[in-house]
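What follows is each chain in one-letter form.
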Amino acid sequence: MHKRTKIKIAIFVLLVGMACMFTAVVTDHWAVLSPRVEKVNETCEAAHFGLWRLCKKHIYISSENYVEGHGCGPISLPGDENCTYFRHFTPGQDAEIFEYKTQKEYNISAAAISIFSLAFMILGSLCVMGSCTGKGKGRDYLLKPAGMFFAFAGLCSFISLEVMRQSVKRMIESEDTIWIEYYYAWSFACACVGFVLLFLTGIALLLLSMPQMPRNPWETCMDAEPDQVE
């Protein structure tokens, strides 16, 4: 396969990775939290959240939907939903104060890191556009920083994922919260796909933009022009 074709395939895969990461950043289904269901035929409060917003949903649990030992849900059941930006929890009871502090500490960090990821993606895209608009091979050197920017974007995505995972883990393991169950939802999956595609394809693009190594180590010496002695 021609080198130029490989670069075009890499750019297409990077576009898919950027779309996945952007979708993850702007949506709020990174994790779903469920409390214990004490009684049947009553409403319970489940929650799903992302980097910027948390939504609490009041779900009516009937005898048909009730499973002993399981939490409130599934989140897809109908119910009234209340979403808030940034102020994820309103401090009140001890459990709410703990959750508020946890979300404030972790989500601000994860959101800030995701902004760095978006910034690296924009810089990488500008470098790719500059390389594509150039005539001939005059601007192929821009593919090198583009590959580095996309790889850095993937690393930032991974760090954001890990920060979010630690946030959920801390809330579930603490005795100060009502949540007993959790699972990572489709926004988290989009971020994982974005991380893999951006990081691996960014490195691949960087390697593809490197000059081809000579098959014979003597080729470089033989092709070099002799030094002129004055």
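Residues numbered from 1 in each chain as written. Predicted model: local features only at pLDDT ≥ 70, side-chain atom pairs only at ≥ 80, totals over all residues. Heavy atoms only, no water.

Visitor: What am I meant to see in the sheet that holds strand S4 (residues 79-85) here?
Guide: The pairing of strands in a sheet comes from backbone hydrogen bonds and takes either a parallel or an antiparallel form. The strand order S4-S3-S2-S1-S5 describes an open sheet built from 5 strands, whose pairing is antiparallel. The open sheet has two edge strands, S4 and strand S5 (179-184), and neither has a second partner. Neighbour-to-neighbour, the strand axes of this sheet turn through a mean angle of 20°, independent of strand direction. Where strand S1 (residues 31-35) and strand S2 (residues 42-49) come together, 3 bridges link them in antiparallel fashion. The residue of S2 that forms the bridge with Val32 is His48. (Pairing = 2+ DSSP bridges. Helix = DSSP H or I, 4+ residues; strand = E, 2+ residues; numbered from the N terminus. Axes fitted to C-alpha atoms, helices over the stretch in contact; angles between N-to-C directions.)

Visitor: I'm lost on the pattern of salt bridges in this one. Help?
Guide: Any two side chains of opposite charge can pair, on the condition that their charged atoms come close. Counted by the stated rule, this structure contains 2 salt bridges. For Arg165, the salt bridge is made with Glu162, and the minimal N-O distance between the two is 2.8 Å. Taken together, the positions of Arg165 and Glu162, both in helix H3 (residues 143-173) and 3 residues apart, correspond to about one turn of that helix. The exposure class assigned to Arg165 is partly exposed, which follows from its relative accessible area of 31%. With relative accessibility at 28%, the residue Glu162 sits in the partly exposed group. (Salt bridge = Lys/Arg side-chain N within 4 Å of Asp/Glu carboxyl O. Buried < 20%, exposed > 50% of the residue type's maximum accessible area, 1.4 Å probe, protein only.)

Visitor: Please clarify how the environment of Glu64 should be interpreted in this entry.
Guide: With respect to the helices, strands and loops of the structure, Glu64 is situated in the loop between strand S3 (53-61) and S4. As for Glu64 and Val40, which are separated by 24 residues in sequence, their C-alpha atoms are 9.4 Å apart.

Visitor: Sorry, what's going on with the environment of Met121 here?
Guide: Relative to the elements of secondary structure, Met121 occurs in helix H2 (residues 94-133). Sequence separation between Met121 and Phe150 is 29 residues; the distance between their C-alpha atoms is 5.7 Å.

Visitor: Hey, could you run me through a nonpolar patch on the surface in this one?
Guide: A contiguous nonpolar patch, built from Ile122, Leu123, Leu126 and Met129 and spanning about 400 Å² of accessible area, is present on the exposed surface. Here Ile122 is to be found in helix H2. (Patch = residues over 30% accessible without salt bridge, like charges linked within 9 Å, V, L, I, M, F, W, Y side chains within 5 Å. Areas by Shrake-Rupley, 256 points an atom, 1.4 Å probe, with all protein chains shown as cover.)

Visitor: Would you mind going over the confidence of the model for the chain with me for this structure?
Guide: The pLDDT averaged across the chain works out to 78; a share of 75% of its residues lies at or above 70. Across the chain, the secondary-structure element scoring lowest on mean pLDDT is helix H5 (residues 219-223), at 51, and the one scoring highest is helix H4 (residues 186-208), at 92. Across residues 88-98 the pLDDT falls below 50, and counting only partners more than four positions away or on other chains, this stretch makes 25 contacts in the model. Contacts from residues 226-230, a stretch scored under 50 in pLDDT, to residues over four places away or in other chains number 0 contacts. (pLDDT = per-residue confidence, 0-100. Contact = heavy atoms within 4.5 Å.)

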